[in-house]
Amino acid sequence: MVTNPYFAGKEKELLRAQIARIVQTTSIVPKGYFKKQEDSEREIVEVGEEERKLPGFEDLRHSHSWCHLAPSILKCGRTAHLQPEPPREEPPNYDPATALKELEVQDPYEERLKPLTLDSSVGDCEIAWTIKTIGDSRLYKEDYKDSTFTNGIIMIRSLVWPGAYVFYKDDRWFSFYVGFGHKADSADYYPVMPPLPREEVAEVLEQSEPNPKEGEEEEKIDPETASGFINKLREIIDDNDKFENMLNRVFDVFDVDRSGELDRKEIRNFLKFFSKELQIPMGHRPIQEFFRGFDTDKSGLISKEELSDPLKGLLMIWVDTLKENLAEASA
């Protein structure tokens, strides 16, 4: 599960936990429909029809006439405390009942059938529920009876869990929830999108110091050495066996992961080497154009066969560049 805050469990467990929280908070009944058991404050029973006295329609339009049905969820995530495990070195006066009472003091139970008026407020609102009447709420007297009836419907909306509603009419009520599973007071999390990738800045070419220090002399090109290197490159370009040998050596140098193919990072290092030697600025776009032109099988990788033509072309450019530099030095 990728959530914020982090949830240490599976999606089904998170869904089950959220459903339990929503049901516990939004399950409400009219006051007087249930009562606490005489021998247990934690248990409730339904009041018999003969002694049941539900609030009237006018009273049910106020939150003090409604109460919670489900038991509260404790901090431990349960509705009842488990018997605490005894310590490894149990003291002589250890009493399990006392330990359980201490646990209940730290994490107390909420009152059963707690009225809605005791619910905590939400944000800037002073209430946790809104109650509204829909339709004709006037009371009418039934013929031949002393009782009254109304055609109105009471709608109760939870502000704690947006999307939770309870509808009441003629001593019957039902509730439903349609929402995103988030409490109203929980901060929404909107991850910030990362910035768009920028094109890589063209590398700055290394230039000779325009004002060399005393004693430093600019390195001069030896015409004999340069001519020999140029002839060597021409020989490699024209001889297929020598070029194949050089291709294998170059490929092995830049194939760092020994995968048999060059990825974008390895091609970047390949172009970076020749751009420095040829004094050609290189940014991010030439790499894209390189793959677009020479990745014939569109695999996103450059094989040794696909590297042959660009390597030969770069060697030829290198020869021409050396010839121009040699001519300028000789002038």
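See the structure printed just above.
Scope of this entry: the structure provided in the associated data block. (Residues numbered from 1 in each chain as written. Predicted model: local features only at pLDDT ≥ 70, side-chain atom pairs only at ≥ 80, totals over all residues. Heavy atoms only, no water.)

### A closer look at the environment of Pro71
Note the threshold: A run of H or I in DSSP counts as a helix once it spans at least four residues, and a run of E counts as a strand once it spans at least two, with each numbered from the N terminus. A simple rule labels every residue: compare its accessible area, found with a 1.4 Å probe on the protein chains alone, to the largest value its type can have, and call it buried under 20%, exposed over 50%, or partly exposed in between. A contact between two residues is defined here by any heavy atoms of the two lying within 4.5 Å.
The topology assignment puts Pro71 in the loop between β4 (66-68) and α2 (96-106). Here Pro71 falls in the partly exposed class, since its relative accessible area comes to 26%. Along the primary structure Pro71 and Lys114 are separated by 43 residues, whereas in three dimensions their C-alpha atoms are 9.4 Å apart. Those residues in contact with Pro71 that lie beyond four places of it in its chain are Gln24, Arg42, Thr79 and Arg112.

### Section: the packing of aromatic side chains
Stated formally: We call Phe, Tyr and Trp rings a pair once their centres come within 6.5 Å, taking the six-membered ring for Trp, and we label the pair stacked below 30 degrees between planes, edge-to-face above 60, and tilted otherwise. In this scheme, the term charge over a ring applies when either NZ of a lysine or CZ of an arginine sits within 6 Å of the ring centre and within 35 degrees of the ring normal.
Applying the stated criterion across every chain, the model contains 10 aromatic pairs. Measuring from ring centre to ring centre gives 5.9 Å for Trp66 and Tyr168, while their planes differ by 85°; the resulting arrangement is edge-to-face. A residue pair is termed long-range when its members are at least 10 positions apart, and Trp66 in strand β4 and Tyr168 in strand β9 (residues 164-169) qualify at 102 residues. Of the residues examined, Tyr168 reaches a relative accessible area of 4% and is grouped as buried. Three or more aromatic residues joined by ring pairs form one cluster here, namely Tyr33, Phe34, Trp66, Tyr168 and Trp173. It is Arg52 that lies over the ring of Tyr33; its NZ or CZ is 4.2 Å from the centre. Over the aromatic face of Phe243 sits the side chain of Lys312, whose NZ or CZ is 4.6 Å from the ring centroid.

### A short note on the sheet that holds strand β8 (residues 153-158)
Test applied: DSSP bridges decide pairing: two strands pair if at least two such bridges lie between them. Axes here mean lines fitted to C-alpha atoms, for a helix over just the part in contact, with angles spanning 0 to 180 degrees between N-to-C directions.
If you walk across this open sheet you meet the four strands as β5-β8-β9-β10, and the pairing is antiparallel. In this open sheet, the two edge strands, each paired with only one partner strand, are β5 (129-134) and β10 (172-177). With strand direction ignored, the average angle separating the axes of adjacent strands in the sheet is 20°. Taken together, the four bridges between β8 and β9 define a ladder with antiparallel strand orientation. When the sheet's bridge partners are listed, Arg157 is paired in β9 with Tyr165.

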